[in-house]
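# Commentary on secondary and tertiary structure
Below, each chain spelled out in residue letters.
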Amino acid sequence: MQAAQNILVTGATGFLGAHLVGALRRAGDTVISLARAESNLSRLHSIGGDHAAEICALEDRTALTALIARTQPDTIFHLAGDTSVRHFSGDWQAVDRAQSANVGNSLNLLRAAMESGAPVKRIIRTGGLEEYGDGPKPASETQATAPTSPYSASQAAVTGWFSALQHQTPIMLTTLRPALVYGPGQGGGFLIPALIAALLRKDVFAMGDGLQRRDLLYVDDMIAAFMLTRHRNDLRGAVINISSGKAQAMRSVALKIGSLLGATDLLKFGAIPGRAMDLDEVSGTNALALARLGWAPQVLLDDGLRRTIDAVLREHQATAPEPGK
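Residues numbered from 1 in each chain as written. Predicted model: local features only at pLDDT ≥ 70, side-chain atom pairs only at ≥ 80, totals over all residues. Heavy atoms only, no water.

### Focus: the overall build of the protein chain
For the record, the criterion: Helix and strand assignments follow DSSP, with helices taken as H or I runs no shorter than four residues and strands as E runs no shorter than two, numbered in order from the N terminus. We compute the radius of gyration over the C-alpha atoms and compare it with the globule rule, which gives 2.2 Å times the number of residues raised to the power 0.38. A 1.4 Å probe and the Shrake-Rupley method give the accessible areas. Residues count as covered only by the protein chains that appear here. In this tally, Asp and Glu contribute negative charge and Lys and Arg positive charge; neither His nor the terminal groups of the chain are included. Every charge is mapped to an atom, namely NZ of Lys, CZ of Arg, CG of Asp or CD of Glu.
When you go through the protein chain residue by residue, the secondary structure sums to 10 helices and 14 strands. Computed over C-alpha atoms, the radius of gyration of the protein chain comes to 20 Å, within 12% of the 20 Å expected from 2.2 N^0.38 for 325 residues, which places it in the range of a compact globule. Seen along its three principal axes, the alpha-carbon backbone of the protein chain occupies a region of about 60 × 50 × 40 Å. As displayed, the protein chain offers around 15100 Å² of accessible surface, 53% of which is attributable to carbon and sulfur atoms. The average position of the 31 basic charges and that of the 30 acidic charges among the side chains of the protein chain differ by 3 Å.

Dropping the structure here:
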């Protein structure tokens, strides 16, 4: 049995972060959840117990260094970032935001860990399959990145910086590149939760033609990959895809959800135009994850969609007013 650790999680109030915090706590680790002052803490509150967040902005390196020195983490999971700028529309402030939130803050975190005096052994961060951009599919870790958006460019830049700085620090720096993760608790800004919510309300759901193909991964499989890295010391500089290895047409995914909810008639394909520079396919191989981590996805798409729908239904039932009130 592995010894418990002190583990710091950035982005702890997000979809992936909250799932990871819960898994780490169930495994017996002490978790330091990092959040901004303006963060919505509802996901962390749902974990239960007396878990509270440490409030600190990643931009404030002095405060961040002091926090790491005080909490003495063995491992840092770096999940925080700005995912909003997926298409450049001439808004340079958005580009600056992606650069600051993703590149600048990642380097701040590494520098704070190095200067804190804490026994940090590893930093495990999330990149993404979008770093491969319009390169060959399914993408392999051996191919060059070819980002096509400010978001993916900033993620690829952090991967490059961590690779360059790995030689200058004893801290193990590892990048996991997830597929498009979905599951219970994901925000409505993403297609799958937005679609489920709309069909449960019996609303017409307008979307594009749905021909874009995406590698989809159920959240429990992503968390399992994180958990496999938290005691490892042999992944210095590693970049590993965490993916299903299969690309799904989003039209077929929408039809599966519609069928499960008995509402395929509410799907309106082609009702909205496609987005400029939207990639036709985002997918990655997963052979390296099996070889280096012993990881492979366990949850098939149909099962993952059912679990997600069931979780949404349970949440609606729990929050629905009692009859007569």
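Once the structure has been displayed, the description carries forward.
### Here we look at unusual backbone geometry
We apply this condition: With a 1.4 Å probe rolled over the protein chains alone, any residue whose accessible area is under 20% of its type maximum counts as buried; one over 50% counts as exposed, and the rest are partly exposed.
Note that the residue after lysine 137, namely proline 138, is joined by a cis bond; omega there is -10°. Positioned with a positive phi, glutamine 72 is a non-glycine residue whose angle comes to about 55°. Following the sequence through the fold, glutamine 72 ends up in the loop between helix H3 (61–71) and strand E4 (75–78). Its relative accessible area of 31% is what places glutamine 72 among the partly exposed residues. In this model, lysine 202 sits at a positive phi of 65°, which is unusual for a non-glycine residue. Locating lysine 202 in the fold gives a position in the loop between helix H6 (191–200) and strand E8 (205–206). When its relative accessible area of 54% is taken as the criterion, lysine 202 is described as exposed.

### Some details on the layout of surface pockets
Unfilled space is identified by rolling a water-sized probe across the atoms. For the record, the criterion: A pocket here means an open set of points on a 1 Å grid, computed over the protein atoms alone, that has protein on both sides within 12 Å along at least five of seven lines. A cavity is instead a set of points where a 1.4 Å probe fits but cannot get out; residues with an atom within 4 Å of a point line either one. Grid points are joined across faces, edges and corners, and a volume is the space filled by probe spheres set on the points. Classes in brief: Ala, Val, Leu, Ile, Met, Phe, Trp, Tyr, Cys and Pro nonpolar; Asp, Glu, Lys and Arg charged; the others, Gly included, polar.
A volume near 750 Å³ is recorded for the second largest pocket. In terms of lining, the second largest pocket is formed by 26 residues, of which the most central are His19, Pro184, Gly185, Gln186 and Glu315. Taken together, the elements giving at least two residues each to the lining of the second largest pocket come down to helix H1 (15–26), H6, helix H7 (219–229) and helix H10 (301–319). Considering every element that reaches the lining of the second largest pocket, the biggest residue donor is H1, with six residues. The residue makeup of the lining of the second largest pocket, split by class, is 12 nonpolar, nine polar and five charged.

### As for the sheet that holds strand E2 (residues 30–35)
This is how it is decided: A pair of strands counts as paired when DSSP detects no fewer than two bridges linking them. In this analysis, axes come from line fits to C-alpha atoms, helices being fitted only over the stretch in contact, and the angle between any two N-to-C directions falls in the range 0 to 180 degrees.
Sheet architecture is open: seven strands sit in the order E3-E2-E1-E4-E5-E6-E11, paired in parallel fashion. In the strand order of this sheet, the two ends are held by strand E3 (53–55) and strand E11 (239–242), each with one partner. Strand-to-strand twist in this sheet, taken as the mean axis angle between neighbours without regard to direction, amounts to 25°. Looking at chain direction, E2 and E3 are connected through three bridges and run parallel. Pairing of alanine 35 across the sheet is with isoleucine 55, part of E3.

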